[in-house]
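Now for the letters of each chain:
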Amino acid sequence: MAAATDDAGDSNEMIRVVSSDGEHFEMPEAAANLSLVLRHMIEDDCADAAGIPLAVVAAKPLAKIVDYCTKHAAKSSGLTIEEAEELKRFDAEFIEVDTDMLYDLLVAADFMGVEGLSKLAVQRTADLIKGKTPEQNRETFGIVNDFTPEEEEEICKENEWAFQITKPPSRLC
Amino acid sequence: KSAFMVNPEALQLHHLPHDTLRSILSRLTFRESSRMGLLSRKWRQLWRSCCPKLVFTRATMFKPRNKIMRRTRTKFARRVNSLLRQLCAPPTLNKFVVKFGLRRKHTCHVDRWVRFCSESGAKHITFDFTLGVKKGSFSGFADEKYIFPLHVFSGPDSSPAHIKSLHLGYVCLSTATTGFAGFANLKKLTLYKISFLSDFQCLMLPECTALEWLSISRSSVTNLTFCEPLRRLHYLCLHYCYLDKIELEAPNLTSFDLTNWPISFALSESLKLMEANIELLNNRTPYGDNLDYIYTELPATLPHVQKLSITSKLYIYDKLQRFAKTSVRFINLRHLTLYSPLWGESGSVGGIIRLAYLLELAPVLEELELHPYGAEHEHQSTVIKKRLENAADVNGSHHLNSNNSTIIQGYLVDNT
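What counts and how
- Residues numbered from 1 in each chain as written.
- Chains lettered and ligands numbered in written order.
- Predicted model: local features only at pLDDT ≥ 70, side-chain atom pairs only at ≥ 80, totals over all residues.
- Heavy atoms only, no water.
- Helix = DSSP H or I, 4+ residues; strand = E, 2+ residues; numbered from the N terminus.
- Buried < 20%, exposed > 50% of the residue type's maximum accessible area, 1.4 Å probe, protein only.
- Contact = heavy atoms within 4.5 Å.
- Buried area = accessible area lost by both parts, 1.4 Å probe.
- Salt bridge = Lys/Arg side-chain N within 4 Å of Asp/Glu carboxyl O.
- Polar contact = N/O pair within 3.5 Å; in protein donor to acceptor, adjacent residues only side chain to side chain.
- Pairing = 2+ DSSP bridges.
- UniProt positions renumbered as here; feature names shortened; annotations may be inferred.
- Domains from an automatic or database assignment.
- Nonpolar A, V, L, I, M, F, W, Y, C, P; charged D, E, K, R; others polar.

This paragraph deals with the environment of A:Lys88. All names here are of chain A. Mapping Lys88 onto the fold places it in helix α5 (residues 81-94). Classification of Lys88 by relative accessible area gives exposed; the value is 59%. Sequence separation between Lys88 and Val17 is 71 residues; the distance between their C-alpha atoms is 26 Å.

Turning next to the interface of chain B and chain A. Chain B puts 40 residues into the contact, and the matching count from chain A is 44 residues. At the boundary of chain B with chain A, total buried surface from both sides reaches about 4100 Å², with 64% on carbon and sulfur atoms. The interface formed by chain B and chain A holds one salt bridge in total. A salt bridge links B:Arg41 to A:Glu151, with the nearest nitrogen and oxygen atoms 2.6 Å apart. Connecting chain B to chain A are six residue pairs in polar contact (both at pLDDT 80 or more). Put simply, the parts of the chain that give the side of chain B that touches chain A at least two residues each are α1 (18-26), α2 (30-36), α3 (41-50), α4 (58-61) and α5 (72-86) of chain B.

Here we take up the sheet that holds strand β10 (residues 223-225) of chain B. Residue and element names in this part refer to chain B. Strand order across the open sheet formed by three strands is β10-β12-β14, with parallel pairing between neighbours. The open sheet is flanked by β10 and β14 (265-266), the only strands paired with a single partner. Pairing of strand β12 (residues 245-247) with β14, which is carried by two bridges, proceeds in the parallel orientation. Following the sheet pairing, Glu247 is matched in β14 by Ala266.

The feature "domain: SKP1 component POZ" (unreviewed entry), as annotated in UniProt, sits at residues 14-73 of chain A in this numbering. Its end C-alpha atoms 13 Å apart, residues 14-73 of chain A is made of 45% helix and 20% strand.

Residue and element names in this part refer to chain B. According to the domain assignment, chain B consists of domain 1 (13-51), domain 2 (54-262) and domain 3 (274-416). The partner domain 3 presents 14 residues to the twelve residues of domain 2 that form the contact. The interface formed by domain 2 and domain 3 includes zero salt bridges. Summed over the shared surface of domain 2 and domain 3, the result is eight residue pairs in polar contact (both at pLDDT 80 or more). In terms of residue class, the side of domain 2 that touches domain 3 is built from six nonpolar, four polar and two charged.

Turning next to the pairing of strand β16 (residues 307-311) of chain B. Residue and element names in this part refer to chain B. The pairing of strand β15 (residues 275-280) with β16 spans five bridges and is parallel. Looking across to β16, one finds that Asn277 is bridged to Ser309. Sheet analysis places β16 next to strand β18 (residues 335-339), joined by five bridges and oriented parallel. Considered in β18, the bridge of Lys307 is made with His335.

Position of A:Ile155 relative to the elements: it lies in helix α9 (residues 149-158). It is 30 Å that separates the C-alpha atoms of A:Ile155 and A:Asp98, two residues lying 57 residues apart in sequence. If sequence neighbours within four positions are ignored, A:Ile155 has contacts with A:Phe147, B:Leu38 and B:Arg44.

Residue and element names in this part refer to chain B. Its location among the elements puts Thr259 in strand β13 (residues 255-260). Residue classification places Thr259 among the buried residues on the basis of a relative accessible area of 3%. Sequence-distant contacts of Thr259, that is, excluding residues within four places in its chain, are made with Leu238, His239, Tyr240, Cys241, Glu279 and Leu281.

As recorded in UniProt, the sites labelled "domain: F-box" (unreviewed entry) are residues 10-59 of chain B. Summarising residues 10-59 of chain B: 56% helix, 10% strand, and an end-to-end C-alpha distance of 38 Å.

Dropping the structure here:
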């Protein structure tokens, strides 16, 4: 019986992590395993009661990531079509964040090695860029146009083709 | 959110790791990703080093629906040159695509782009100059095609290991150029309307043993012989190359697509070949159709095929047309589709009845589809689709179910 609890204990164990600003979070081991970095730490027996310190991840994005991993770990294998749909809806809602949070998630997911989240955030960023004029993109991402008027004129002239926003018909050639 | 309200301390898009920026940019179209390079000085610099792909086509370099082709070739070349100049040193690219109607007189431009492409380490490469060439079977004039410098991709004695796919259209390839070491990891090769300045088989295929997908169409190859087996090849397509000979050891080939006049070819080592589409061009004897070839050569060459489609004209002129029979069979053939436009005297039953032999040729056939008007006139054709019951007896012997045979003969006669 003791051996059996041991086994079960392994998969049910909660992993504690600590954000850069000192906040503690808990998630099931299966969820922590979605992060390459955490998985390696657990395998190397570095997960203890004090929690794994994540020096570059602040509490706000970490809370989101714990949320993401917990949801995805619970639904990782043998998904039905409905469950897959539900997970997709969760992802769509999950990534509806402002650009500040988006950058934090991109950096944190990259640092922690959470592949699914990295992909999700990268796609969200790309979707924000798509179909916009350079001016609209500057506004979305807070980019200051620091070209001199002369430089800008030259760039516009050199790259006149790139400014066509309308979608070209896909089969022209 | 206005640009001026951004906290300078806060994390910004351009602070993200280059790998992340690169994967963001790679999810955009080429135009969208290049526009990001026009936002600010910082972004211009970032785009130069993170730009994941370069796609130069009529659609990306010109306004949509630009019909005026006058002087566009020069304009196209100028725009590509200008963009490449802005990139300074080639970034590591995933994809490099040029699709436009360029010719040998544009060699000085294209040579530069090929060099750039080679230096960028692009994995997927397309140089397709078919635009502006007459459509259809016309394969073009060798002396107006750009000579593609394969040797640019090889180091002193190394083959370019990073190239995964290569698509070339309307160019000349020369084997005379020395210093080409093949493509060690090339998986997919497409050659369209290519002229070869010398024997093709010595060119690059012996050095392309990783090939999984090979398509050669409307190119001047007459003899396709491979010295080394292509062990990973699973798809082979040879269209309108007017080959006289094919010899190939491809043990893992699963799909074969051929449009050619009837020739003997050696593929019998390909035991996994599941599906084949064979279109036979007219053979050279007057009033001779390809039925003898279909009945003897094809089963000998493709004995294991399970799904076969044959397109070939059928000449009918005599009540007593004979045909060749041998002991070879399609031992696994289950689905057969025959596109055979009928020519000659429609009254000649004997000429058509020859088709009934198909049932003997394919003892385990389950489905036979006949298109007596050919593939192009599908709409007006009476498609004869018949599920065969019990086509072979339990032992799989060549016993011909006489009931099925009568049904097919009846269908054929009624529909002609």
